[in-house]
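# Inside the fold
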Amino acid sequence: MNRVIFQCEDSMEGILTGVYDAWASRVGHDRVKLEAGPDHEMELFSEYRRVETDGEKAEKVAGTIRRRMGQNCWESIYQATLAEEKEKAEAVYRSVVLGLSLAQRKNGSVYRLMENIQEPCVFQVMTLSRTVAREAHRYLGFVRFQEMKGKLLYSEIEPFGQILPLIGDHFANRYPGERFLIFDRHHQMSLLHQPGAPWYLFRGEAPKTELLEQSDGEKADEELWKRFVDTIAIRERENGGLQQQLLPLKFRKYMTEWG
């Protein structure tokens, strides 16, 4: 029998909607595959079904995971959906199927799915989750804001994973009275925070150049910062290899002191 491949949006909501639709299709878990994003090779003798992202379906799946497999399991699955990995949607689907199957044997009690790392799908979800969480943690120290006219703090980053949802609370708590925007150029996604309001995400291209004109003092401050970094450096003790290990090249592109 032909395999049915569900193609969903590369987002948490898209993948969970795909899980919902694939499960509800009743074609059999062995015949189902879930793919996120457009970059997949077409398979012969397979039926393709497009998944339209649906917030209500996604929330139903998320609620079921929390209720039947616990909050820790949900956090791991959620972070895995943010990873830069073609097979993440399939790993999430297989993990949910396995978790719900095993949870039925627990007579309603929570089943701790993430303890079953001997299962390939669970191990993959755990690995992806930790990779995304580690990258998000590193960016907490590498985000650099520029002050723009209109009292907007602006930053650009280019992470592998979709980490903006994981760093929003940190910067909102750190700068509660500031209006700031962090743009993820790789995923064409922005995080916007307004004073006194929750931060939120939206997709789309980078803000127009005319909206990102530096404030009068920003260029002077940047020059002073670069001079400070250059002054404290000890040329005789430079270690390029260690420096690149601690501060990979991908971070430097958007860091003031390396501009």
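Structure first, text after, so check above.
Cut-offs used in this document
Residues numbered from 1 in each chain as written. Predicted model: local features only at pLDDT ≥ 70, side-chain atom pairs only at ≥ 80, totals over all residues. Heavy atoms only, no water. Pairing = 2+ DSSP bridges. Helix = DSSP H or I, 4+ residues; strand = E, 2+ residues; numbered from the N terminus. Axes fitted to C-alpha atoms, helices over the stretch in contact; angles between N-to-C directions. Contact = heavy atoms within 4.5 Å. Salt bridge = Lys/Arg side-chain N within 4 Å of Asp/Glu carboxyl O. Buried < 20%, exposed > 50% of the residue type's maximum accessible area, 1.4 Å probe, protein only.

### Looking at the sheet that holds strand 8 (residues 200-203)
Whether parallel or antiparallel, the strands of a sheet pair through hydrogen bonds between backbone atoms. Strand order in this open sheet of five strands is 4-5-6-7-8, and the pairing throughout is mixed. Each end of this open sheet is capped by a strand with a single partner; those strands are strand 4 (146-148) and strand 8. Taken pair by pair, the neighbouring strands of this sheet meet at an average axis angle of 25°, ignoring direction. Of the strands in this sheet, strand 5 (152-157), strand 6 (179-184), strand 7 (189-193) and strand 8 touch helix 6 (residues 164-174), which is tilted by about 160° from strand 6.

### Examining the pattern of salt bridges
Inspection of every chain in the model, using the stated rule, returns nine salt bridges. Residue Arg3 is joined to Glu43 by a salt bridge in which the shortest nitrogen-to-oxygen separation is 2.7 Å. In this pair, Arg3 sits in strand 1 (residues 3-8) while Glu43 sits in the loop between strand 2 (32-36) and strand 3 (46-50), placing the two residues 40 residues apart along the sequence. Overall, the relative accessible area of 26% leaves Glu43 in the partly exposed class. A salt bridge links Arg66 to Glu59; its shortest N-O distance comes to 3.3 Å. Of the residues examined, Glu59 reaches a relative accessible area of 45% and is grouped as partly exposed. A network of salt bridges, in which partner residues are shared, links Arg3, Lys33, Glu35 and Glu43.

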